[in-house]
Amino acid sequence: STGTASARPDAAASAARLAAATGADRHDVAVVLGSGWKPAAETLAARGRVLAEVPFTELGGFPETTVPGHGAAVRSVELNGRRLLLFLGRVHAYEGHDLAHVVHSVRTACAAGVGTVVLTNAAGGLRADMHVGQPVLVSDHLNLTGRSPLVGPAFTDLTDAYAPRLRALAREVEPTLSEGVYAALPGPHFETPAEIRMLRTLGADLVGMSTVHETITARNAGAEVLAISLVTNLAAGMTGEPLDHLEVLAAGEAAATRMGALLAEVVSRL
Ligand code: 6GU
């Protein structure tokens, strides 16, 4: 047993369909774009050569409810001699999907030969020195969703889950990048100010609703993980302003070109 859920979709089958649709029997690196990161795809693509774009619906194993044209596709991009799988969006657990569907993109990428998974997300900043539009390297996580994407005897080691080697490489590209611990909550609501104080006490620097299940899946599959949070807002109770999902997306939009360039530089050096 591989220790994953029995109802899981077939990643090998999706990888075979991906190979057929892209003409590449293997890929090297996967990049998953989170909320607010979608515009970074254009910058990233412009640095390389887009070979194909495949809707999730063509790969199988993704939720049927996934809306096409809303980031529900993966691009195969050649960048600096590397074959990149650029997932334009992700399936979120807060939409009510099984974790087996949430992590299907990462399992498909790993089945396609990917050894490095780059996960991006929008996060609330918990430290007063953080500002909107700041990218932060995820150094570790707190999985506070109460769930694992793995089922059965899959006692995957999560020491150095976010590869120190890859973080060092990202800091070579952007020496001012800071690091933080990412706390994942189920959402879809934002936290209360009391919950944010709790998270700070627990050692979190960032809060969001994604990434951790994909990290666990990638580590279980033997891939290295780099995760970058874009601080799209400070967390509840920090500014005196209410939180707004549209502001989260707007902050991503404003930072998109910079984030795309950062991703392109990092991927080029892998
Ligand atoms: Cl403040 N909380 C959560 N859970 N997710 C977020 C966020 C906050 N800001 C962006 N994403």
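Report follows, based on the coordinates. If you're wondering where the values come from, they're calculated on a predicted model, not measured in any experiment.

## As for the site of the ligand
- Inspection of the region around the ligand gives Ala122, Ala123, Gly124, Phe190, Glu191, Val207, Gly208, Met209, Thr232, Asn233, Ala235 and Leu243 as its neighbouring residues.
- Between the ligand and Glu191, the relevant distance is 2.5 Å, taken from a nitrogen atom to a side-chain nitrogen or oxygen of the residue.
- In the environment of the ligand, a nitrogen atom lies 2.9 Å from a nitrogen or oxygen atom belonging to the side chain of Asn233.
- For the ligand, whose unbound accessible area comes to 290 Å², protein coverage reaches 96%.
- The set of elements that each furnish at least two residues to the shell around the ligand consists of β5 (116-125), β8 (206-208) and β9 (224-234).
- Among the residues making up the shell around the ligand, the classes are represented as 7 nonpolar, 4 polar and 1 charged.

## Examining the pattern of salt bridges
- Considering all chains together, one arrives at 12 salt bridges under this definition.
- Note that Glu42 is salt-bridged to Arg75, the shortest N-O span being 3.5 Å. Placement of Glu42 in helix α2 (residues 40-47) and of Arg75 in strand β3 (residues 73-79) is noted, with a sequence separation of 33 residues between them.
- Among the residues examined, Glu42 registers a relative accessible area of 46% and is labelled partly exposed.
- A salt bridge links Arg171 to Glu179; the nearest nitrogen and oxygen atoms lie 2.2 Å apart.
- On the basis of relative accessibility, which here comes to 31%, the residue Arg171 falls in the partly exposed class.
- Linked through salt bridges whose partners overlap, the residues forming this network are Arg47, Glu172, Glu265 and Arg269.

## Here we look at the pairing of strand β6 (residues 134-143)
- Pairing of β6 with β9 involves 4 bridges; the strand directions are antiparallel. Considered in β9, the bridge of Pro135 is made with Leu230.
- Summarising the sheet, β6 and strand β7 (residues 178-184) pair through 7 bridges and their orientation is parallel. Bridging from a neighbouring strand, Asp140 pairs with Val181 of β7.

## Things to note about the packing of aromatic side chains
- The final tally for this structure, using the stated rule, is 2 aromatic pairs.
- Geometrically, the ring pair formed by Phe56 and Phe62 is stacked, given 4.1 Å between the ring centres and 10° between the ring planes.
- Assessed through its relative accessible area of 9%, Phe62 is described here as buried.
- With centroids separated by 6.1 Å and ring planes inclined at 45°, the aromatic side chains of Phe56 and Phe87 adopt a geometry described as tilted.

## What to know about the packing of helix α6 (residues 164-173) against helix α9 (residues 245-269)
- α9 packs onto α6 with a crossing angle of 125° between their chain directions and a minimal axis gap of 9 Å. It follows that α6 is oblique to α9 by the angle criterion. When you trace α6 past α9, the crossing you get is right-handed. Where α6 approaches α9, its residues Leu169, Ala170, Glu172 and Val173 are matched on the opposing element by Leu262, Glu265, Val266 and Arg269.
- Among the residues making up the contact of α6 with α9, the classes are represented as 5 nonpolar, no polar and 3 charged.

About the cut-offs
Residues numbered from 1 in each chain as written. Predicted model: local features only at pLDDT ≥ 70, side-chain atom pairs only at ≥ 80, totals over all residues. Heavy atoms only, no water. Near = heavy atom within 4 Å. Polar contact = N/O pair within 3.5 Å; in protein donor to acceptor, adjacent residues only side chain to side chain. Areas by Shrake-Rupley, 256 points an atom, 1.4 Å probe, with all protein chains shown as cover. Helix = DSSP H or I, 4+ residues; strand = E, 2+ residues; numbered from the N terminus. Nonpolar A, V, L, I, M, F, W, Y, C, P; charged D, E, K, R; others polar. Salt bridge = Lys/Arg side-chain N within 4 Å of Asp/Glu carboxyl O. Buried < 20%, exposed > 50% of the residue type's maximum accessible area, 1.4 Å probe, protein only. Pairing = 2+ DSSP bridges. Phe/Tyr/Trp six-rings, centres within 6.5 Å; stacked < 30°, edge-to-face > 60°. Axes fitted to C-alpha atoms, helices over the stretch in contact; angles between N-to-C directions. Parallel < 35°, antiparallel > 145°, perpendicular 65-115°, else oblique. Left-handed = near helix turned anticlockwise from the far one by under 90°. Contact = heavy atoms within 4.5 Å.

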